[in-house]
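Observations on the model geometry
In case you want the letters, here they are:
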Amino acid sequence: MATFNKRGYKEPKPKAEKLDNNYIEDVNVDAKDSATAKAFDTLDQSASRAEDFVAKNQKYILGFLTVVALATVSYLLYQKFIAEPSQEEAASELFVAQQNFQKAVDATGTKSDSLYNLVLKGSEGKFGVVKIADEYSGTDAGNLANYYAGVAYLNTKKYAEAITSLEKFKSDDIMLSTIAIGAIGDAYAQQNKQKEALEYYVKAADANKNELTRPRYLMKAGKTALVLGNKVDALKYFTDIKDNYDTAPEAQSIDALIGLAQ
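One structure accompanies this document, and this report is about it.

About the criteria used
Residues numbered from 1 in each chain as written. Predicted model: local features only at pLDDT ≥ 70, side-chain atom pairs only at ≥ 80, totals over all residues. Heavy atoms only, no water. Phe/Tyr/Trp six-rings, centres within 6.5 Å; stacked < 30°, edge-to-face > 60°. Helix = DSSP H or I, 4+ residues; strand = E, 2+ residues; numbered from the N terminus. Buried < 20%, exposed > 50% of the residue type's maximum accessible area, 1.4 Å probe, protein only. Lys NZ or Arg CZ within 6 Å of the ring centre and 35° of its normal. Expected span 1.5 Å × (residues − 1). Arc of directions from axis to C-beta. Contact = heavy atoms within 4.5 Å.

Our next topic: the packing of aromatic side chains. We describe a pair of aromatic rings using the distance from one ring centre to the other and the angle between the two ring planes. On inspection of all chains with the given rule, the structure shows six aromatic pairs. For the pair Tyr147 and Phe169, a centre-to-centre distance of 5.4 Å together with 45 degrees between the ring planes defines the contact as tilted. Taken as a pair, Tyr147 in helix 4 (residues 140-155) and Phe169 in the loop between helix 5 (159-168) and helix 6 (174-190) lie far apart in primary sequence, 22 residues in all. As far as burial versus exposure is concerned, Tyr147 and Phe169 are alike and both buried. Grouped by ring-pair contacts, the aromatic residues Phe101, Tyr116, Tyr147, Tyr148 and Phe169 constitute a single cluster. The cationic tip of Lys203 hangs over the ring face of Tyr200; the distance from NZ or CZ to the ring centre is 4.7 Å.

Below, the structure is given as structure tokens:
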């Protein structure tokens, strides 16, 4: 017997069965447990590989650690029993040379020269700065000895030796390092190497822009530039003194020098 659907009639869809909440939770737990298990498996495998690596390379690892430990101990022993005593010995040796250096700075003429020679060669059973710089090269006193040697050589007209010693000197003291740079310029100037002298005078002037050293080395740079016939640079250095350091001793004759450079 034929059946007819009423217009607009739709076959009802079967209702979706509701999932049991406990079932969902169980699935989530199982998934989490599975992920955790995989993570532990991965860690176990990594640990196993690490253990295998250590087992295979144990000899080399222990050797490396031994080297590191020995290096650390050696460094500490060096500092305690070699470096520190060397610093003290160098400072003790340098003390007399420093006294002679100050006397030489204050003295004049041949007396000054003889004192500078004592600074270089030593006296009263103590080393001179040349030997201190060589014997204690890794110490602060040994480094400072290079400065004293450079200035002593400069004042005894041994200009090449002065440059060599002063170039070895390194210092965080900006004033002392600036004077050392300027002294190299003086040594070149005394050898009539004006281009090299100008280079170091400019470097010294720029190293520390204070009221003492900058106008001093600007003046030397300006005069050296004039000797080289470079009036443009000479005028620049002299004008810097006039404009920025008018209370410095170098400023007293600056107008005349500016006139020469123009």
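Right, let's get into helix 2 (residues 109-121). In an α-helix, one turn spans 3.6 residues; hence positions three or four apart end up facing the same way. Helix length check: helix 2 (13 residues) gives 19 Å between terminal C-alpha atoms against 18 Å at 1.5 Å per residue, within 8%. Of all the residues in helix 2, the buried ones are Ser112, Leu115, Tyr116, Val119 and Leu120. Looking straight down helix 2, one finds that the buried residues subtend no more than 145 degrees of arc, so they occupy a single side. Exposed and facing more than 90 degrees away from the buried side of helix 2 are Thr110, Lys111 and Lys121. Looking at the residues trailing helix 2, positive phi occurs at Gly122, about 100 degrees.

Moving on to the environment of Tyr237. Residue position: Tyr237 is located in helix 9 (residues 231-244). For Tyr237, a relative accessible area of 10% corresponds to the buried category. Between the alpha carbons of Tyr237 and Ala261 there is a distance of 9.9 Å; along the sequence they are 24 residues apart. Those residues in contact with Tyr237, other than ones at most four positions away along the chain, are Leu198, Val202, Leu218, Ala221, Gly222 and Ala225.

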